[in-house]
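Read off the chains here:
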Amino acid sequence: MVLKHLKKEDGFTIVEILVSITIVSIVLGIAGSVFFFINKQMIGWRANTEFYSSYSAIENRVFEDVLSATNVEVQDTLIVLNTGLETQRTYHNRRSPLLMNGANVEIYPMDTLFVNFQPSVILSEQLISWQLVQSKDRRSLTQDYMLSSRKPVLWKPLK
């Protein structure tokens, strides 16, 4: 009776087990390769997004500050933007990190981030030109800007 049960039991041969393990390992190898490739791409996309969003945020901050300034004072490593209403912003004009009012401006850590102001006076309006430079790893972005900083003329008296 015991012999009949032993002969009726179904099982897998060693060859079937080896074939199934081989197929599973090939599928897992392909899936792992795809996963690591996509992960590497996502890390690169995230780094690019952080790089350009940080640059854009700082670019907008500096542009708005210069645009709203009524008086601009430039020293060797410092620029003071007076916006009226007893408020002012100071930018340290040095390599890394960029400081505004003594605090770090960087959103994400960068290798180099600085603003290089070059003021000049043209036709009684103060023309501010600056260069924003940011670099991280092998990426670098440099742009030059020029903007007139003056009080808006709300009305002119008639003569």
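Our structure's up above, just so we're on the same page.
This one's a predicted model, so the numbers in the text were calculated from it and none came from an experiment.

**Quick notes on the overall build of the chain**
Here is step 1: Looking only at helices and strands, one finds two helices and eight strands in the chain.
Here is step 2: Secondary structure elements in the chain, listed N-terminal to C-terminal, are α-α-β-β-β-β-β-β-β-β.
Here is step 3: The proportion of buried residues among the 159 residues of the chain is 25%.
Here is step 4: Taking as baseline every contact in the chain between residues at least 6 positions apart, the subset at least 24 positions apart corresponds to 36%.
Here is step 5: Carbon and sulfur atoms make up 61% of the accessible area of the chain, which amounts to about 11900 Å² in all.

**Section: the pattern of salt bridges**
Here is step 1: Under the criterion given, the structure shown has one salt bridge.
Here is step 2: Ionic pairing is found between glutamate 50 and arginine 46, a salt bridge with its closest N-O pair at 3.1 Å. One end of the pair is glutamate 50 and the other is arginine 46, both in helix H2 (residues 14–68) and four residues apart, which spans about a single turn.
Here is step 3: Accessibility expressed as a relative area gives 19% for glutamate 50, which makes it buried.
Here is step 4: Among the residues examined, arginine 46 registers a relative accessible area of 58% and is labelled exposed.

**Observations concerning the side chain of glutamine 134**
Here is step 1: Tracing the backbone shows glutamine 134 in strand E7 (residues 125–136).
Here is step 2: A distance of 2.8 Å separates a polar side-chain atom of glutamine 134 from the backbone oxygen of phenylalanine 51.

**Digging into the nonpolar core**
In globular proteins that are soluble, nonpolar side chains generally tend to be buried together.
Here is step 1: Within the largest apolar cluster, 22 residues are counted, with the highest numbers of intra-cluster contacts made by Val62, Val66, Tyr91, Phe117 and Trp130.
Here is step 2: Those elements giving two or more residues to this core turn out to be H2, strand E2 (78–82), strand E6 (112–122), E7 and strand E8 (139–149).
Here is step 3: Among the elements that make up this core, the one with the highest residue count is H2 (five residues).

**As for the environment of threonine 142**
Here is step 1: Position of threonine 142 among the secondary structure elements: in strand E8.
Here is step 2: Residues threonine 142 and leucine 113, 29 residues apart in the sequence, show an inter-C-alpha distance of 9.8 Å.
Here is step 3: Apart from the residues lying within four places of it in its own chain, the contact partners of threonine 142 are Tyr55, Gln131, Leu132 and Val133.

Criteria and cut-off values
- Residues take numbers from 1 onward in each chain, read along the sequence in its written order.
- Confidence filtering applies because this is a predicted model: local features only for residues at pLDDT of at least 70, side-chain atom pairs given and counted only at 80 or more, and all residues used for totals across whole chains, interfaces and linings.
- To obtain the side-chain values, all non-hydrogen atoms of the structure were included, while hydrogens and water were left out.
- The numbering of helices and of strands both runs from the N terminus, where a helix is a DSSP run of H or I of at least 4 residues and a strand a run of E of at least 2.
- Per-residue accessibility, obtained with a 1.4 Å probe over protein chains only, is compared with the maximum for each type, and a residue is labelled buried under 20%, exposed over 50%, and partly exposed between these values.
- We call two residues in contact whenever any of their non-hydrogen atoms come within 4.5 Å of each other.
- Where accessible areas are quoted, they stem from the Shrake-Rupley method and a 1.4 Å probe; at the residue level, only the protein chains shown are allowed to cover.
- Salt bridge, as used here: a side-chain nitrogen of Lys or Arg that lies within 4 Å of a carboxyl oxygen of Asp or Glu.
- By the criterion applied in these results, polar contacts are pairs of N or O atoms within 3.5 Å in which, for protein atoms, one can donate a hydrogen and the other can accept it, and in which residues neighboring in sequence qualify only through two side-chain atoms.
- Put simply, buried Ala, Val, Leu, Ile, Met, Phe, Trp, Tyr and Cys residues joined by side-chain atoms within 4.5 Å make one nonpolar core.

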